[in-house]
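Chain and residue survey
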Amino acid sequence: MKQPDEGNLYTDLMELGPAPTMAREIVVIVISIAIVAVLFAIVGTSLPAFVALGVIVAFMGVRFVIGLRHWEKQS
């Protein structure tokens, strides 16, 4: 995981792993939710959209839990 002074919002959004700090990860989650909401508005509510939503939510949850373990060690 990177140090808090490394990277930027774009790299936090594109990485598979969590952001260096909890605050930055929360910002990534909020932006991801906004992007998913826009995609739902464009695509509509269909089964593939809900499957994609489930995958995204699970991925963001795993990212947050992994980050939580790392952020607690830094304190």
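Scope of this entry: the structure provided in the associated data block. Because the structure is predicted, anything quoted here is derived from the model rather than measured.

What follows concerns the pattern of salt bridges. Pairing between side chains of opposite charge can happen when their charged atoms approach one another. Counting across every chain of the model gives two salt bridges. One salt bridge in this structure joins Asp 12 and Arg 24, with 2.7 Å as the shortest N-O distance. One end of the pair, Asp 12, is in helix 1 (residues 9–14); the other, Arg 24, is in helix 2 (residues 22–43), with twelve residues separating them in the sequence. A relative accessible area of 2% places Asp 12 in the buried class. For Glu 25, the salt bridge identified is with Arg 63, shortest N-O distance 3.0 Å. Separated by 38 residues along the polypeptide, Glu 25 in helix 2 and Arg 63 in helix 3 (residues 47–74) bring together distant segments of the chain. Judged by its relative accessible area of 2%, Arg 63 is buried.

This paragraph deals with the packing of helix 2 against helix 3. Between helix 2 and helix 3, the least distance of the axes is 11 Å, while the angle of their chain directions is 175 degrees. Taken together, the axes of helix 2 and helix 3 lie roughly antiparallel to each other. Of helix 3, the residues touching helix 2 (which contributes Met 22, Glu 25, Ile 26, Val 28, Ile 29, Ser 32, Val 36 and Phe 40) are Ala 49, Phe 50, Leu 53, Ile 56, Met 60, Arg 63, Phe 64, Leu 68 and Trp 71. Along the lines of polarity and charge, the residues of the contact of helix 2 with helix 3 split into 14 nonpolar, one polar and two charged.

How each quantity is defined
- Residues numbered from 1 in each chain as written.
- Predicted model: local features only at pLDDT ≥ 70, side-chain atom pairs only at ≥ 80, totals over all residues.
- Heavy atoms only, no water.
- Salt bridge = Lys/Arg side-chain N within 4 Å of Asp/Glu carboxyl O.
- Helix = DSSP H or I, 4+ residues; strand = E, 2+ residues; numbered from the N terminus.
- Buried < 20%, exposed > 50% of the residue type's maximum accessible area, 1.4 Å probe, protein only.
- Axes fitted to C-alpha atoms, helices over the stretch in contact; angles between N-to-C directions.
- Parallel < 35°, antiparallel > 145°, perpendicular 65-115°, else oblique.
- Contact = heavy atoms within 4.5 Å.
- Nonpolar A, V, L, I, M, F, W, Y, C, P; charged D, E, K, R; others polar.

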